[in-house]
Amino acid sequence: MSIEEKGSISIHTENIFPIIKKFLYSDNEIFLRELVSNAVDAVQKIKRLAALGQYNGELGNPLVEVAVDEAEKTITISDNGLGMTAEEIKKYINQVAFSGASEFVEKFKDAKDANEIIGKFGLGFYSAFMVADLVEIQTLSYQEGAEPAKWVCDGSTEFEISAGNRTSRGTTIILHVNAESEEFLSKHKLEEILDKYGKFLPVPIKFGTKTVQEPDGEDEEGKAKTKSVEVDNIINTTNPIWTKAPADLSDQDYLDFYKQLYPFSEDPLFWIHLNVDYPFNLTGVLYFPKVKNDFDMQRNKIKLFSRQVFITDEVKDIVPEFLMLLHGVIDSPDIPLNVSRSFLQADSNVKKINSYITKKVADKLSELFNKDRKAYEEKWSDIGLFVKYGMVSEDKFNDKAKDFALLTNTKNEHFTLEEYKEKVKDVQTDKNGQVIYIYSNDPAKQDSFIQSANKLDYDVLLMNSAIDNHFVQHLEQKLEKTALKRVDSSVASKLIDKDENVESVLTEDQSKQVAAIFDKAINKPGYTVEIVGLNPEELPVTVTMDEFMRRMKDMAQMGGGMGFYGSMPDSYKVAINGNHKLIGKILKAENTEEQGLLAKQAVDLALLAQGMLTGAELTAFVSRSVELI
Ligand code: ADP
Ligand code: MG
């Protein structure tokens, strides 16, 4: 049939497609996402029209079909949706797309990604020109008496509309793939893209066929036979669990879905089903994974969808930072398909989504805590990290989490913040009325300190996770009249200043003499000897680093900008327990050599107990000890 209409796409700029191509090149695979979701939309629309009684014809089985012809170098996307009349093509394809064309040319220079351009200028359909140099539409509208129509465009601003060849309702888009984009003619490549964006689309997506075995009667011996049959290869699940009501789902359903999303992961600890329709629409399922050490591997595991079309797994602005380690899906039609970074940052819905998720997560944790405290405690080593991170970084979350956050001590007992204060306040309050929480970040290394503290009935908290450095400071800020001290920041009896001094049995002269002996024996910069009067039961020598000094050093190490402290050498205090009988023995030793040897041995033992004796010093200690035996 002859051409019915020729025309120019209404646009002020001569040739916009080369511009689109150039700027969209980086993620050109999204052409398939755009065209397939248009096809899905068309199918959804005809279903809705039928439901409303505005279409009374046959619906047929809703289907979108993607096919590739390597010889012809074409990719075809066809649907049995509502179709378009020639008028509608003009309206929806020719005019609307470029209504903002002059603005587009103004701004394209600043565009950072393809999504930004497509989103802002409604170029979904035109993304086809990123991979094709000729695009053809064949379509037949559902409307009574509609004629099939054809639209062809070669990537210039010229198009042709003529009579089409479709005999059934729906639309076929044929892409004549350009030379630079031939990678998309690979079945494997297309399958990969369809899997990425279309795995959960609400309409069946067919891509080629596959062979399956079907029962085929029995053979002579009565054994069941099978035969190979070709069936449609449907690549998607049309009703993923997040679209269903939680009441209709079993735990197994949630676990199965998790396995489908992350085939090689361990089972998650628990999950939260999100479902909100005001003031924005959002559904989804978020899973709490078992935390692994390699955090970065676990990030970007939340997938963002818009009406079941996959958008991105960079959900940085939608999900609060502290929940970035969660897994799962979020689906919101309020987030446009072609979402861009700058959109997310500016959008007020996104901020609301963020605080909604924070609230839901807090509610879920609170529920778990109240329902089954024991089970909650068992999960604490995994969820503690999220909770502490959340408390440190989001005030609103902290307000809720302070009731279900747990502190764990070195005996592996768990307490809420409230309970812990009650537990320790009688024994661990200093002379100024401040409660001192004592913690260990490395119970193996600090065992001798922990035991000494326990002897004084002090409790020692475990603070050995990645976030605990920050959490310790957070607790100090939030808890009234409370300070935290690491168990090895001083000798046990000085951890909490109670104004009850044990007198030293040494005279002033003897103290000076002992200090001199130890100074000489240690003979290393950064160590300061101090003679203290402690309980005779306590260790003769203890090497400590002051809490304040250590925190400064930690901060410098984490890049806290305290260059001054970072460049400082380590500075340790060597506390000599003047009341220990070993000190008396040293004073009474035969000669200075013997004194030095005993002192050196005592210091090395203290260092050894804290895992601080290594290398040549350790070797020297061992040979000295062998000789002593
Ligand atoms: P959007 O999908 O955001 O509206 P597009 O550029 O992707 O923008 O599509 C423009 C319009 O073209 C659609 O809104 C729809 O009216 C029409 N259209 C595109 N593809 C199809 C299709 N397969 N069937 C029916 N109409 C379609
Ligand atoms: Mg679209």
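Refer to the structure above for everything that follows.
Here we summarise the structure given alongside this text. These figures come from a predicted structure and were not determined experimentally.

**Points about the sheet that holds strand β10 (residues 270–276)**
The strand order β10-β11-β14-β12-β13 describes an open sheet built from 5 strands, whose pairing is mixed. Lying at the two open borders of the sheet, with one neighbouring strand each, are β10 and β13 (309–312). In this sheet, neighbouring strand axes are inclined to one another by 20 degrees on average, regardless of whether the strands run parallel or antiparallel. Sheet topology places strand β12 (residues 302–306) next to strand β14 (residues 327–331); 4 bridges connect them, and they run parallel.

**Some words on the site of ligand 1**
As a matter of local geometry, ligand 1 sits amid 12 residues, with N38, A42, D79, F125 and T171 nearest to it. N38 places a side-chain nitrogen or oxygen 2.8 Å from an oxygen atom of ligand 1. In this structure, a nitrogen atom belonging to ligand 1 sits 3.0 Å away from a side-chain N or O atom of D79. Put simply, the parts of the chain that give the shell around ligand 1 at least two residues each are α2 (30–51) and α3 (86–95). Residue contributions to the shell around ligand 1 peak at 3 residues, all from α2.

**What to know about the pattern of salt bridges**
If you walk through the whole model with that rule in mind, you get 27 salt bridges. Linking E34 and R33 is a salt bridge whose minimum nitrogen-to-oxygen distance equals 3.0 Å. Note on E34: relative accessible area 3%, which makes it buried. Here K388 and D468 are joined by a salt bridge, their closest N and O atoms 2.8 Å apart. A residue pair is termed long-range when its members are at least 10 positions apart, and K388 in helix α11 (residues 373–393) and D468 in helix α15 (residues 468–478) qualify at 80 residues. Residues K388 and D468 agree in their burial class; the two are buried. Via salt bridges that share partners, E476, E547, R550 and R551 belong to a single interconnected network.

**Some words on the packing of aromatic side chains**
Inspection of every chain in the model, using the stated rule, returns 26 aromatic pairs. Ring geometry for Y197 and F310: centres 5.6 Å apart, planes at 50 degrees, overall tilted. Here the residue Y197 occupies a position in helix α6 (residues 187–198), and F310 occupies one in strand β13, the gap between them amounting to 113 residues. As far as burial versus exposure is concerned, Y197 and F310 are alike and both buried. Ring centres of Y376 and W380 lie 5.9 Å apart, and the angle between their planes is 40 degrees; this geometry places the pair in the tilted category. In this pair, Y376 and W380 both sit in helix α11, 4 residues apart, roughly one turn of the helix. Here the two residues Y376 and W380 agree in accessibility, since each one is buried. A network of ring pairs unites the aromatic residues Y197, F200, W242, F257, F305 and F310 as a single cluster.

**Regarding the nonpolar core**
Counting residues in each nonpolar core, the largest one holds 60 residues, and the members touching the most others are V36, I75, I77, W151 and L175. Top contributing element to this core by residue count: α2, with 8 residues. Apart from residues lying up to four places away in sequence, I75 is in contact with F31, V66, A67, V68, I173, I174, L175, V177, F184, L185 and L190. In this structure, V350, V387, A401 and F471 belong to the second largest nonpolar core, which totals 58 residues.

**Remarks on the pairing of strand β2 (residues 64–69)**
Relative to strand β3 (residues 74–79), β2 is paired through 6 bridges, and the arrangement is antiparallel. Considered in β3, the bridge of A67 is made with T76. Once β2 ends, the chain turns through 4 residues before running back antiparallel as β3, passing K73 with a positive phi of about 60 degrees. Both β2 and strand β8 (residues 205–218) contribute to a ladder of 3 bridges, which runs parallel. Paired with E65 across the bridge in β8 is K206.

**Description of the side chain of T312**
Mapped onto the elements of the fold, T312 is located in strand β13. By relative accessible area, which is 18% here, T312 ends up buried. Filtering out sequence-adjacent residues up to four positions away, T312 remains in contact with I302, K303 and L304.

**A word on α6**
Spanning 12 residues, α6 covers 15 Å between terminal C-alpha atoms, matching the ideal 16 Å at 1.5 Å per step. Buried within α6 we find L190, I193, L194, Y197 and G198. Looking down the long axis of α6, one finds its buried residues gathered within 100 degrees of arc, a one-sided arrangement. Where the residues of α6 are buried, they touch α2, β2, β3, β8 and β13.

Rules used throughout
- Residues numbered from 1 in each chain as written.
- Chains lettered and ligands numbered in written order.
- Predicted model: local features only at pLDDT ≥ 70, side-chain atom pairs only at ≥ 80, totals over all residues.
- Heavy atoms only, no water.
- Pairing = 2+ DSSP bridges.
- Helix = DSSP H or I, 4+ residues; strand = E, 2+ residues; numbered from the N terminus.
- Axes fitted to C-alpha atoms, helices over the stretch in contact; angles between N-to-C directions.
- Near = heavy atom within 4 Å.
- Polar contact = N/O pair within 3.5 Å; in protein donor to acceptor, adjacent residues only side chain to side chain.
- Salt bridge = Lys/Arg side-chain N within 4 Å of Asp/Glu carboxyl O.
- Buried < 20%, exposed > 50% of the residue type's maximum accessible area, 1.4 Å probe, protein only.
- Phe/Tyr/Trp six-rings, centres within 6.5 Å; stacked < 30°, edge-to-face > 60°.
- Core = buried A, V, L, I, M, F, W, Y, C linked by side-chain atoms within 4.5 Å.
- Contact = heavy atoms within 4.5 Å.
- Expected span 1.5 Å × (residues − 1).
- Arc of directions from axis to C-beta.

Honestly, that's just the spatial picture; any functional story needs more than this.
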